[in-house]
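Here are the chains, one letter per residue:
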Amino acid sequence: MYIFKAGVLGAGTMGGEIAQVITYAGLPVVMKDIDQKMLDSGMEQIRSIYQRRVDKGKMSASDMESKLDLVTPTLSYDAFSDVDIVIEAVPEKMVIKKQVFQELEEACPEQTIFASNTSALSISEMAAATNKPHKVIGMHFFNPAHVMKLVEVIPGLDTGRETQDDVVMFAESLRKIPVVAQECPGFLVNRLLMPYLNEATLALEEGAATATEIDKAVVEWGMPMGPFTLMDMLGIDVCADVGEYLYSEYGDRMTPALLFEKLLEEGRLGEKSGAGFYDHPGGESEEVHQMIEDLQSSGDVASGTSFSVERVIYPLINEAAQCVLENVATMTDIDMAMVAGTGMTYEGDRVGPLVVADRISLDEIEGKLRELEDEFGPRFRPARPLRLRVRAKHLGVKSGQGFYEHT
């Protein structure tokens, strides 16, 4: 099915940016919210993205107005009677997402695809709340949506193959890179990122290193930004919500750092609130230093543990190996998703975690994970695909075979 017109539910940051991406591809879009102020803000956000292009000489003012004319802001569902796809970008609460899909069923044609921009929640559960689960799918854009190329496409248990193919083709028409991932908590990129982000936060609250030191070490290793810079940009509340959900699904190995709760209690949500792990502007925060001291003195967290860049990076690589075991996505898609979704690099090359593992050597990674497991516990237990390959002497580049073949 070719998509001629789209709808977006929610005019917040992601909703506005998704609507802009759709109009940039030349398609009309209906953007709905329940609050006129939010609608106005969403339209202003779309305009500002285009205005930056005009200011840089990449677009004329008349072209900008033509793109803006493709957006229909609305408080009702009246304009949804002929949309081919609707992407919901409402708050990350299952009850809200189920409700809006049920409302959409009353307003949209039978053939309309319902896509969720959720970053972690179950697509199958959302679909079960509708009368057409075969037309429900995940379509997870990355922040900022008008810049990031990756879109995770997540079919639920009942999603039809035609729906999946249509959404992949639609994402490509938006000049995005679609990666199909099987449904699991956190899907692909967030599932890989959270062990890394959480471990960095555990190291911070334990006094193993400062936020600045950890960020610097990770950037020197090859990531485009450090974990605390990234979390402040994404929003501490968003990261904490995803972390809690993954903990509820995966158990102890995803136990969230206590510092997240302390930051939320003080309203330190990141850049959007002017303060997160860092003060914005200002850098290192005395308030956060005090939180860390309080956590350590209470005995709720360990103190004086060791830090190494491997402590935060190797959990990400290990989770990628676990995704191989579970067939969440192909190995090449796992790597491509991390490159397109996070900008991951290593030794100056844009490569994903499985390529990195092969370059470092799988026996070296397994050995370091064993050391970390002895020091910090079972969350560092090497995933079976790592252990299996090491036993088979498939060590990566140095042996000619690891996750990939090397000539």
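Computed from a predicted structure; not experimentally measured.

Parameters at a glance
Residues numbered from 1 in each chain as written. Predicted model: local features only at pLDDT ≥ 70, side-chain atom pairs only at ≥ 80, totals over all residues. Heavy atoms only, no water. Helix = DSSP H or I, 4+ residues; strand = E, 2+ residues; numbered from the N terminus. Rg over C-alpha atoms; globule rule 2.2 N^0.38 Å. Buried < 20%, exposed > 50% of the residue type's maximum accessible area, 1.4 Å probe, protein only. Contact = heavy atoms within 4.5 Å. Areas by Shrake-Rupley, 256 points an atom, 1.4 Å probe, with all protein chains shown as cover. Lys, Arg positive; Asp, Glu negative; His and termini not counted. Charge placed at Lys NZ, Arg CZ, Asp CG, Glu CD. Pairing = 2+ DSSP bridges. Axes fitted to C-alpha atoms, helices over the stretch in contact; angles between N-to-C directions. Phe/Tyr/Trp six-rings, centres within 6.5 Å; stacked < 30°, edge-to-face > 60°. 1 Å grid on protein atoms, 1.4 Å probe; cavity = no way out; pocket = protein on both sides within 12 Å on 5 of 7 lines; lining within 4 Å. Points joined across faces, edges and corners; volume = space filled by probe spheres on them. Nonpolar A, V, L, I, M, F, W, Y, C, P; charged D, E, K, R; others polar. Right-handed = clockwise from strand over helix to strand, strands pointing away. Patch = residues over 30% accessible without salt bridge, like charges linked within 9 Å, V, L, I, M, F, W, Y side chains within 5 Å. Salt bridge = Lys/Arg side-chain N within 4 Å of Asp/Glu carboxyl O.

Visitor: Could you give an account of the overall build of the protein, with specific residues and numbers?
Guide: The helix and strand inventory of the protein stands at 17 helices and 10 strands. Taken against the 2.2 N^0.38 rule, which gives 22 Å for 407 residues, the C-alpha radius of gyration of the protein at 22 Å falls within 12% of a compact globule. Its C-alpha atoms put the protein at 60 × 50 × 45 Å along the principal axes. Looking at the protein as a whole, 57% of its 407 residues qualify as buried. Contacts spanning at least 24 positions in sequence make up 68% of the contacts within the protein whose residues lie at least 6 apart. Taken as a whole, the protein presents about 17,100 Å² of accessible surface, with 50% of it coming from carbon and sulfur. In the protein, which carries 37 positive and 65 negative side-chain charges, the distance between the mean positions of the two groups comes to 5 Å.

Visitor: Break down the sheet that holds strand E1 (residues 6–9) for me, citing the residues and quoting the values.
Guide: What the eight strands build is an open sheet, ordered E3-E2-E1-E4-E5-E6-E7-E8; its pairing is mixed. Unpaired on one side and paired on the other, strand E3 (71–74) and strand E8 (177–180) mark the two borders of the sheet. In this sheet, neighbouring strand axes are inclined to one another by 25 degrees on average, regardless of whether the strands run parallel or antiparallel.

Visitor: Which residues make up helix H17 (residues 384–391), and what values do they have?
Guide: Buried residues of H17: Pro385, Leu386, Arg387, Arg389 and Val390, and no others. Next to the buried residues of H17 lie helix H13 (309–325), helix H14 (331–342) and helix H16 (362–376).

Visitor: Talk me through the packing of aromatic side chains; I want residue IDs and the actual numbers.
Guide: Tallied over the entire structure, the rule returns eight aromatic pairs. Aromatic side chains Tyr2 and Phe4 sit 4.8 Å apart centroid to centroid with 65 degrees between the ring planes, which places their arrangement in the edge-to-face category. Comparing Tyr2 with Phe4, the two get one shared label, exposed. Between the aromatic rings of Tyr24 and Tyr50, the centroid separation amounts to 6.4 Å while the plane-to-plane angle is 40 degrees, which identifies the pairing as tilted. With Tyr24 in helix H1 (residues 13–24) and Tyr50 in helix H2 (residues 36–55), this residue pair connects regions lying 26 residues apart in the sequence. Exposure remark for Tyr50: the relative accessible area of 0% places this residue in the buried category. An aromatic cluster is defined as three or more aromatic residues linked by ring pairs; in this entry it consists of Phe228, Phe260 and Phe277.

Visitor: Let's hear about empty space enclosed by the protein: which residues, and what values?
Guide: Applying the stated criterion across every chain yields a total of one cavity of 30 Å³ or more. Lining the largest cavity, in full, are Leu204, Ala211, Phe277, Glu284, Ser285, Val288 and His289. Taken together, the residues of the lining of the largest cavity sort by class into four nonpolar, two polar and one charged.

Visitor: I'd like a description of the pairing of strand E6 (residues 136–141), backed by residues and values.
Guide: Here E6 lies mainly inside the structure; six of its six residues are buried. Of the two faces of E6, both are covered, the one formed by Val136, Gly138 and His140 as well as the one formed by Ile137, Met139 and Phe141. Each parallel crossover has a hand, and for strand E5 (residues 113–116) linked through helix H5 (residues 123–128) to E6 it is right-handed. Direction of pairing for E6 relative to strand E7 (residues 150–155): antiparallel, over a ladder of five bridges. The residue of E7 that forms the bridge with Met139 is Val153.

Visitor: Explain the environment of Ser273 to me, using residue names and the numbers behind them.
Guide: Considering the arrangement of structural elements, one finds Ser273 in the loop between helix H11 (259–265) and strand E9 (278–279). The exposure class assigned to Ser273 is partly exposed, which follows from its relative accessible area of 36%. Taking the C-alpha atoms as reference points, Ser273 and Asp232, 41 residues apart in sequence, are found 9.5 Å from one another. Setting aside chain neighbours within four positions, we find Ser273 in contact with Gly267 and Arg268.

Visitor: Pulling in residues and values, what's your account of the environment of Gly7?
Guide: Inspection of the secondary structure puts Gly7 in strand E1. Given a relative accessible area of 0%, Gly7 falls into the buried group. Sequence separation between Gly7 and Ile22 is 15 residues, and the spatial gap between their C-alpha atoms is 9.5 Å.

Visitor: Could you give an account of a negative patch on the surface, naming the residues involved and the relevant values?
Guide: Among the surface-exposed residues, Asp241, Glu244, Glu261, Glu265 and Glu266 lie close enough to one another that they form a single negatively charged patch. Among the elements of the structure, helix H10 (236–250) and H11 are those that each provide at least two residues to the negative patch. Of note, Glu266 is situated in the loop between H11 and E9.

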